[in-house]
Amino acid sequence: GATGPLTGRHVLITSGPTHEPIDPVRYIANRSSGKQGHAIAEAAIEAGATVTLVSGPVSLPDPAGARIIRVETAREMLDAVEHALPADLFVATAAVADWRPSRQNDSKLKKHSDGEPLALSLIENPDILATVGRSASARPRLVIGFAAETDRLLEHATAKLDRKGCDMIVANDVGPTTGVMGGDRNTVHLVTRAGIESWPTLSKIDVARRLIARCAETLTGILP
Ligand code: C5P
């Protein structure tokens, strides 16, 4: 691979949505395309890193040169991430489903003959970013989270820094009028304990390259 500012570093990235099964043919999902996470994998490879990409179900080509682990559910994603550690840099880009059906039916659910509503009971999924960011034994030196919000963006992002043990939260507005979900461009704000830095609207690959350049700089300052 290429030699660059991340040569010799292991970068672990999550990307895409997760699918949480309801029964053998149905699942709960979200609108994440995986484009931003996959672009970060590409940028990290360009920068010379050894890259592990843990990806939920997406319809994107595999970034050339990354080790790719495909998963479906949040619990599978956590398992894959834990097995891929240690890493120097962890970037949690995936739109992990916050909840999953509390039980997965073994056979396809049938409509109620009397037209009664179906109640789905949901339980919380593990938080992958918080698990890694707050790990006492396996925390990568640099941990980056994303925050996709439709309202009170920077307030929510700032709260996530401490709650999830991150060094930086990349906050992006995913309101319905922004076109960010599934689109090719992104407008982000970098939230760190030192403050907030807002970037202009860029293509997702340019956001990825700038973010990776920033992470490489930070790692150079703190690692041998
Ligand atoms: O709290 P919220 O879901 O908005 O946080 C988003 C950040 O947390 C993203 O970096 C996402 O990848 C990560 N996350 C996670 N596991 C979850 C939920 C979110 O890693 N179960």
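Above this text sits the structure in question.
Described in the following lines is the structure provided in the data block. What you see is a predicted model; the values in this text were computed from it and never measured.

## Considering the packing of aromatic side chains
Moving on, step 1. Taken as a whole and assessed by the stated rule, the structure comprises zero aromatic pairs.
Moving on, step 2. Above the ring of Trp-199, the side-chain terminus of Arg-210 is found at 4.6 Å from the ring centroid.

## Examining the site of the ligand
Moving on, step 1. Lining the immediate surroundings of the ligand are Ala-92, Ala-94, Val-96, Asp-98, Pro-126, Asp-127, Ile-128, Leu-129, Gly-145, Phe-146, Lys-160 and Lys-164.
Moving on, step 2. Between the ligand and Pro-126, the relevant distance is 2.8 Å, taken from a nitrogen atom to a main-chain nitrogen or oxygen of the residue.
Moving on, step 3. Lys-160 places a side-chain nitrogen or oxygen 2.5 Å from an oxygen atom of the ligand.
Moving on, step 4. Starting from 440 Å² of accessible surface for the ligand in isolation, the protein chains cover 87%.
Moving on, step 5. Spatially, the ligand is embedded in the largest pocket.
Moving on, step 6. Among the elements of the structure, helix H3 (128-133) and strand S9 (142-149) are those that each provide at least two residues to the shell around the ligand.
Moving on, step 7. Looking at the shell around the ligand residue by residue, the classes come out as seven nonpolar, one polar and four charged.

## Things to note about the layout of surface pockets
Moving on, step 1. Each pocket or cavity is described by its volume, and for the largest pocket that value is around 1,100 Å³.
Moving on, step 2. Lining the largest pocket are 40 residues; nearest its centre among them are Ala-94, Ala-95, Val-96, Asp-98 and Phe-146.
Moving on, step 3. Elements that contribute at least two residues to the lining of the largest pocket include exactly helix H1 (35-46), strand S8 (122-124), H3, S9 and helix H4 (153-163).
Moving on, step 4. Considering every element that reaches the lining of the largest pocket, the biggest residue donor is S9, with four residues.
Moving on, step 5. Its residues assigned to classes, the lining of the largest pocket comprises 18 nonpolar, 13 polar and nine charged.

## Thoughts on a nonpolar patch on the surface
Moving on, step 1. Together, Trp-99, Leu-118, Leu-120 and Leu-122 make up a nonpolar patch on the protein surface, roughly 410 Å² of accessible area in all.
Moving on, step 2. Inspection of the secondary structure puts Leu-118 in the loop between strand S7 (99-101) and S8.

## Remarks on the pairing of strand S10 (residues 168-173)
A regular strand carries its side chains on alternate faces of the sheet.
Moving on, step 1. Burial within S10 is extensive, with five of its six residues counted as buried.
Moving on, step 2. For S9 and S10, the ladder comprises six bridges, and the chain directions are parallel. Within S10, the residue paired with Phe-146 across the bridge is Val-170.
Moving on, step 3. Running through H4, the crossover from S9 to the neighbouring parallel element S10 is right-handed.
Moving on, step 4. Direction of pairing for S10 relative to strand S12 (residues 188-192): antiparallel, over a ladder of four bridges. Note on S12: the bridge partner recorded for Ile-169 is Val-191.

## Topic: the side chain of Lys-164
Moving on, step 1. On the secondary structure map, Lys-164 appears in the loop between H4 and S10.
Moving on, step 2. Residue class for Lys-164 comes out buried when judged on its relative accessible area of 13%.
Moving on, step 3. Sequence-distant contacts of Lys-164, that is, excluding residues within four places in its chain, are made with Asp-127, Leu-129, Ala-130, Gly-133 and Arg-134.

## Focus on the pattern of salt bridges
Moving on, step 1. This structure, assessed with the given rule, holds ten salt bridges.
Moving on, step 2. Here Arg-26 and Asp-23 are joined by a salt bridge, their closest N and O atoms 2.5 Å apart.
Moving on, step 3. For Arg-26, a relative accessible area of 33% gives the class partly exposed.
Moving on, step 4. With its nearest N and O atoms 2.9 Å apart, the salt bridge here joins Arg-214 to Glu-197. Within this pair, whereas Arg-214 is found in helix H5 (residues 204-222), its partner Glu-197 is found in strand S13 (residues 195-198), the two being separated by 17 residues in sequence.
Moving on, step 5. Assessed through its relative accessible area of 24%, Arg-214 is described here as partly exposed.
Moving on, step 6. Within the structure, one salt-bridge network assembled from shared partners comprises Glu-46, Asp-206 and Arg-209.

Criteria and thresholds
- Residues numbered from 1 in each chain as written.
- Predicted model: local features only at pLDDT ≥ 70, side-chain atom pairs only at ≥ 80, totals over all residues.
- Heavy atoms only, no water.
- Phe/Tyr/Trp six-rings, centres within 6.5 Å; stacked < 30°, edge-to-face > 60°.
- Lys NZ or Arg CZ within 6 Å of the ring centre and 35° of its normal.
- Near = heavy atom within 4 Å.
- Polar contact = N/O pair within 3.5 Å; in protein donor to acceptor, adjacent residues only side chain to side chain.
- Areas by Shrake-Rupley, 256 points an atom, 1.4 Å probe, with all protein chains shown as cover.
- 1 Å grid on protein atoms, 1.4 Å probe; cavity = no way out; pocket = protein on both sides within 12 Å on 5 of 7 lines; lining within 4 Å.
- Sits in = over half its atoms within 2 Å of the grid points.
- Helix = DSSP H or I, 4+ residues; strand = E, 2+ residues; numbered from the N terminus.
- Nonpolar A, V, L, I, M, F, W, Y, C, P; charged D, E, K, R; others polar.
- Points joined across faces, edges and corners; volume = space filled by probe spheres on them.
- Patch = residues over 30% accessible without salt bridge, like charges linked within 9 Å, V, L, I, M, F, W, Y side chains within 5 Å.
- Salt bridge = Lys/Arg side-chain N within 4 Å of Asp/Glu carboxyl O.
- Buried < 20%, exposed > 50% of the residue type's maximum accessible area, 1.4 Å probe, protein only.
- Pairing = 2+ DSSP bridges.
- Right-handed = clockwise from strand over helix to strand, strands pointing away.
- Contact = heavy atoms within 4.5 Å.

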